[in-house]
Amino acid sequence: MTKEAADVFHKVAVFSDLIEGEGKVVFAGVKRVAIFLSEGNLYCIQNNCPHAGGHLGIGSVQGCIVKCPRHDWGFDFQAGDCKSDPRYKVKRYEIKREGDDVFVGLPDDKSSDPPDFF
Ligand code: FES
């Protein structure tokens, strides 16, 4: 039986600094992720676009879709689906607010995702 790694939560942002309808690139530990505030709800996905590495956190947002700034592919940050090519998905991560602090949970599995330094 394989035991799944528990999430470790990292403080990534201050809620009052976030802008409704926009994304932001933040570090959760050593991993860069993209967070979004949409209709008062928080979402978190991987920052690197699975197509060719664009930074999804700086893409334009319409509803729950972020458009990659490199080639304009759309990704649903609620479901993780790619609207431009269904073969692609993005990882979603748990995100929560405690007071004015925003936390993202990443699996405490050091082998699954390498650090994201660039
Ligand atoms: S790198 Fe994101 S659509 Fe190409």
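Up top is the structure these notes are about.
Analysis parameters
Residues numbered from 1 in each chain as written. Predicted model: local features only at pLDDT ≥ 70, side-chain atom pairs only at ≥ 80, totals over all residues. Heavy atoms only, no water. Pairing = 2+ DSSP bridges. Helix = DSSP H or I, 4+ residues; strand = E, 2+ residues; numbered from the N terminus. Axes fitted to C-alpha atoms, helices over the stretch in contact; angles between N-to-C directions. Phe/Tyr/Trp six-rings, centres within 6.5 Å; stacked < 30°, edge-to-face > 60°. Buried < 20%, exposed > 50% of the residue type's maximum accessible area, 1.4 Å probe, protein only. Lys NZ or Arg CZ within 6 Å of the ring centre and 35° of its normal.

Caption draft 1: Examining the sheet that holds strand E7 (residues 74-76) more closely. One open sheet accounts for three strands, arranged E5-E6-E7; its pairing is antiparallel. Lying at the two open borders of the sheet, with one neighbouring strand each, are strand E5 (60-62) and E7. Recorded for the sheet is a direction-independent mean angle of 30° between the axes of neighbouring strands.

Caption draft 2: Structural view of the packing of aromatic side chains. Applying the stated rule across the entire model yields three aromatic pairs. Centroid distance tyrosine 43 to phenylalanine 77: 5.2 Å. Interplanar angle 45°. Geometry classified as tilted. Taken as a pair, tyrosine 43 in strand E4 (residues 41-46) and phenylalanine 77 in the loop between E7 and strand E8 (94-98) lie far apart in primary sequence, 34 residues in all. Both rings, one in tryptophan 73 and one in tyrosine 88, keep their centres 5.1 Å apart while their planes meet at 70°; by these two values the pair is edge-to-face. Of this pair, tryptophan 73 sits in the loop between strand E6 (65-67) and E7 while tyrosine 88 sits in the loop between E7 and E8, placing them 15 residues apart in sequence. Taking relative accessible area as the criterion, tryptophan 73 reaches 17% and is therefore assigned buried. The class of tyrosine 88 is partly exposed, set by a relative accessible area of 23%. The ring of phenylalanine 9 has lysine 96 sitting right over it, with the charged end atom 4.0 Å from the ring centre. The side chain of arginine 97 reaches across the aromatic face of phenylalanine 15, ending 3.7 Å from its centre.

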